[in-house]
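A closer look at the structure
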Amino acid sequence: MNSAIKHRILLWGAVPVLAAVLVLLAVLQYRWSGQVSAATRSQMELNLHAALMGFRQDLARELAAVPLELRGGIDDSGKPNAARLSQQFHQWQQGAAHPALVSRMYFWTSSDKEHLLSLDPGREQMQTVEWPPNFDRLRQRLNQTAPPPDHSASAPHGPPQHDRDARSRTHGREPSPLWLVDESIPAILRPVRPRQAPGAMAPAALTWIIIPIELSVVEKEVLPELAQKYLTGSPGLDYRVAVLRTVADKQEVLYSSEAGFGGNAATSADAALNLFGPPTRHAQMPMAGVFAMPRSSGNERTSQTQAGERSIRFEPLFFASDDPNWQIVAQHKKGSLDAAVSGLRWRNLIVSFGVLVVLAITMALVVITSQRARRLALLQMEFVAGVSHELRTPLAVISSAAENIAHGVVAEKEQVARYGASILKQSRQLTKLVEQVLVFAATQQKPQRYRLRPLNVAEVIDAALENTANMVTGGAVTLERHIEPGLPPVAADFSALTQCLQNLINNAIKYGGESRWIGIRAAAQKEKDTVREVTITVEDHGMGIGPGELKQIFDPFYRSPAVAGSNIHGTGLGLPLAKTLIEAMRGRLTVESEIGKGARFTVHLPVADGPETVTAKSGVKGETSAATS
Ligand code: ADP
């Protein structure tokens, strides 16, 4: 099979296959990106939940630090020891990240319901005080927990009634007092059960440590720090976060990482978590969880997190739906997790489709380039054949004439002179051909720079006609030359412009057909009375050029198939060379033609020193001449 046909089959077979592969890849990419997005969404959800749990846990640890430090400050009889408690409190303050979080504490024992003891750690003094007004509900609640005196033997003192219900669900295990929180004050509570005296029937009464929490410190220090640590601080944690205190469906924003986020955040949030009690309370969860938690050493109700850290869980003291409930809500900065994931998906799709588009463009370029390379190779082959042909004729004439002279076939003086003239003519043609090839090669290697000088158009046209006079005369061509009067000088290079005009005149004679007529005209092109450019037109009434070829004739080595098969010799370099030279002089070369009617090539050149205003010069007449040889 012919190699060109093979090449075509390969090319036109491979292109649709590759295009189909690209489309398939695009479809797969689209579908897979949907699956990846779903997985990313659930991963992000999990991460967000873990971050909120971490937030909650750290807050609990921060609050629990004080009561943990105060362990042992209550002696065996349940009496708080002011000196020891103050000392332990100072110790806590020294190591605490937020020492202002707690400034005083209270103690209350169910055996002495009336009295509330207050410890001022600064003065190491314990004194009996009135119940602060905002402690009213707390007082009531604590009183409920204390059993009536006559039942003390059968019912152990313990946390609130519902806690005891819960205890029954813990398989009869003796529950341990836990971490409790009053979310309205706010205050944390820790019941401490003194060691039971040997032989005592009833368990010792509980002593409650009540520690009011400084809300301003929580709002300004603790919450922002935790939000930064878990939800906003590092790249990838692009969340807005707010801590809300909800009381009977009304929300109060305790902290918000972004101005304006909070108010109705809970409805549009990606995740919400209770900071105390069951993480997703509000569906009136029972207190069972409180006492069912795994037990660690002593009185501390802690559990092990997966990471092996101790986790502390505060249980709300009040559980009614209109009781305050501290909640953390988080929302992705893009508006929602869905918006973030779909943004991510579209970004990925744009990138991968971009890559596919680049691939498709590259494929198209490869096809176009390979086609061009093939065409160029063909043209070059034609050029080599054309040039060889052009060289062969003059060389044959020269060598046969020289042979005749050398062998004495031609002896007469007149004959020798004729042969000499013929050799001269052919060698000039050869020189011209070689020069054209060299000039073309030079223009292709690097752009030519010309020093543009103001030139008189008539002089250039005359020089070109003089150089082609042999052809005009030899071809018996009628030449019409018309130069408009008062033409301004053009900015051009003399020899380059002459060369271009010669090429056009040569072509007009070569392809002028039977009419044997060429016209050369020079005219000024005006715009609002201002001459912008001067045009030189070379016209013939010959074979003309088909519309499909009008662009191709300026391609190097291109020759119309009609002329390539005929006896008209050429290299396909005349027009590309003329175009390159004219464009290097900031001009243009245009063509108009119709098959069988002839062709009109026009050189457009800018006038020297910019546009010149035409001043009507009376008396200067246009120069028109016609020559017939
Ligand atoms: P060459 O004349 O050496 O073939 P050119 O680059 O000068 O190369 O011209 C390229 C082609 O343009 C020619 O082969 C011919 O087909 C077409 N052409 C150029 N001038 C004319 C013209 N005046 N009339 C018809 N065809 C022309």
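Structure: see above.
Residues numbered from 1 in each chain as written. Predicted model: local features only at pLDDT ≥ 70, side-chain atom pairs only at ≥ 80, totals over all residues. Heavy atoms only, no water.

**Observations regarding the overall build of the protein**
- For the protein, the helix and strand inventory stands at 14 helices and 22 strands.
- Counting all 629 residues of the protein, 41% fall into the buried class.
- Put simply, 70% of the contacts in the protein that link residues at least 6 apart link residues at least 24 apart.
- Approximately 33700 Å² of the protein is accessible, and the part contributed by carbon and sulfur atoms is 56%. (Helix = DSSP H or I, 4+ residues; strand = E, 2+ residues; numbered from the N terminus. Buried < 20%, exposed > 50% of the residue type's maximum accessible area, 1.4 Å probe, protein only. Contact = heavy atoms within 4.5 Å. Areas by Shrake-Rupley, 256 points an atom, 1.4 Å probe, with all protein chains shown as cover.)

**Considering the side chain of Thr 109**
- Mapped onto the elements of the fold, Thr 109 is located in strand β1 (residues 105–109).
- A distance of 3.4 Å separates a polar atom in the side chain of Thr 109 from the backbone oxygen of Leu 206.
- Aside from chain neighbours lying at most four places away, what touches Thr 109 is Ala 205, Leu 206 and Thr 207. (Polar contact = N/O pair within 3.5 Å; in protein donor to acceptor, adjacent residues only side chain to side chain.)

**A look at the pairing of strand β20 (residues 598–606)**
- With seven of nine residues buried, β20 is to be regarded as a mostly interior element.
- Examined bridge by bridge, strand β18 (residues 530–540) and β20 share eight bridges and lie antiparallel to one another. In the strand pairing of β20, Thr 535 is matched with His 604.
- In this sheet, β20 lies alongside strand β19 (residues 588–594) in antiparallel orientation, the contact comprising seven bridges. By the bridge assignment for β20, Leu 589 is matched with Val 603.
- Where β19 folds back on β20, the antiparallel hairpin that results is connected by three residues, among which Gly 596 adopts a positive phi of roughly 85°. (Pairing = 2+ DSSP bridges.)

**Things to note about the site of the ligand**
- Looking at the ligand, there are 21 residues lining it, with Asn 507, Tyr 511, Arg 559, Thr 571 and Leu 575 nearest.
- Contact with the protein chains covers 98% of the free accessible surface of the ligand, which is 530 Å².
- At the level of secondary structure, the elements contributing two or more residues to the shell around the ligand comprise α12 (494–510), α14 (574–584) and β20.
- With three residues, the single largest contributor to the shell around the ligand is α14.
- Its residues placed into classes, the shell around the ligand shows 11 nonpolar, seven polar and three charged. (Near = heavy atom within 4 Å. Nonpolar A, V, L, I, M, F, W, Y, C, P; charged D, E, K, R; others polar.)

**A few points about the packing of helix α10 (residues 457–467) against α12**
- Orientation of α10 relative to α12, taken along the N-to-C sense of each, is 55°, at an axis distance of 9 Å. Here α10 is positioned oblique relative to α12, judged by the angle of their axes. Seen along the crossing, α10 lies across α12 with a hand that is right-handed. Along the contact surface, α10 presents Glu 459, Val 460, Ile 461, Ala 463, Ala 464, Leu 465 and Asn 467, while α12 presents Phe 494, Leu 497, Thr 498, Leu 501, Gln 502 and Ile 505. (Axes fitted to C-alpha atoms, helices over the stretch in contact; angles between N-to-C directions. Parallel < 35°, antiparallel > 145°, perpendicular 65-115°, else oblique. Left-handed = near helix turned anticlockwise from the far one by under 90°.)

**As for the sheet that holds strand β4 (residues 179–182)**
- Here we have seven strands laid out as an open sheet, ordered β3-β2-β1-β6-β5-β4-β12, and mixed in their pairing. Each having just a single partner strand, β3 (125–129) and β12 (314–316) make up the two edges of the open sheet. Averaged over all pairs of adjacent strands, the angle between strand axes in this sheet comes to 30°, irrespective of strand direction.
- Both β1 and strand β6 (residues 207–212) contribute to a ladder of four bridges, which runs antiparallel. Across the sheet, Phe 107 pairs through a bridge with Ile 209, a residue of β6.

**Notes on a nonpolar patch on the surface**
- A surface patch of nonpolar side chains, about 360 Å² in accessible area, is lined by Val 357, Ile 361, Leu 365 and Ile 368.
- With respect to the secondary-structure elements, Ile 368 resides in helix α8 (residues 337–406). (Patch = residues over 30% accessible without salt bridge, like charges linked within 9 Å, V, L, I, M, F, W, Y side chains within 5 Å. Salt bridge = Lys/Arg side-chain N within 4 Å of Asp/Glu carboxyl O.)

**A few points about the pairing of β1**
- Within β1, five of the five residues are buried, leaving the element largely enclosed by the surrounding structure.
- Neither face of β1 is left uncovered, since the one carrying Met 105, Phe 107 and Thr 109 and the one carrying Tyr 106 and Trp 108 both have all their residues buried.
- By the bridge criterion, three bridges tie β1 to strand β2 (residues 116–120) in an arrangement that is antiparallel. Considered in β2, the bridge of Phe 107 is made with Leu 117.
- Counted between consecutive antiparallel strands, the loop separating β1 from β2 contains six residues.

**Quick look at the sheet that holds strand β13 (residues 325–332)**
- On the basis of which strands lie adjacent, the open sheet formed by four strands has the order β8-β7-β13-β9 and antiparallel pairing. A single partner strand is all that each edge strand has here, and the edge strands are β8 (250–256) and β9 (271–274). Neighbour-to-neighbour, the strand axes of this sheet turn through a mean angle of 30°, independent of strand direction.
- Taken together, the six bridges between strand β7 (residues 239–247) and β8 define a ladder with antiparallel strand orientation. Its bridge partner being in β8, Val 247 is matched across the sheet by Lys 250.

**Observations regarding the side chain of Gln 88**
- When you line up the elements, Gln 88 lands in helix α2 (residues 82–95).
- Given the relative accessible area of 12%, Gln 88 is considered buried.
- With sequence-adjacent residues up to four places away left out, Gln 88 is seen in contact with Glu 69, Leu 70, Arg 71, Gly 72 and Gly 73.

**Some details on α8**
- Here α8 spans 99 Å end to end across 70 residues, near enough to the 104 Å set by a 1.5 Å rise per residue.
- Taken from the residues just after α8, Gly 408 is the one with a positive phi, measuring 75°. (Expected span 1.5 Å × (residues − 1).)

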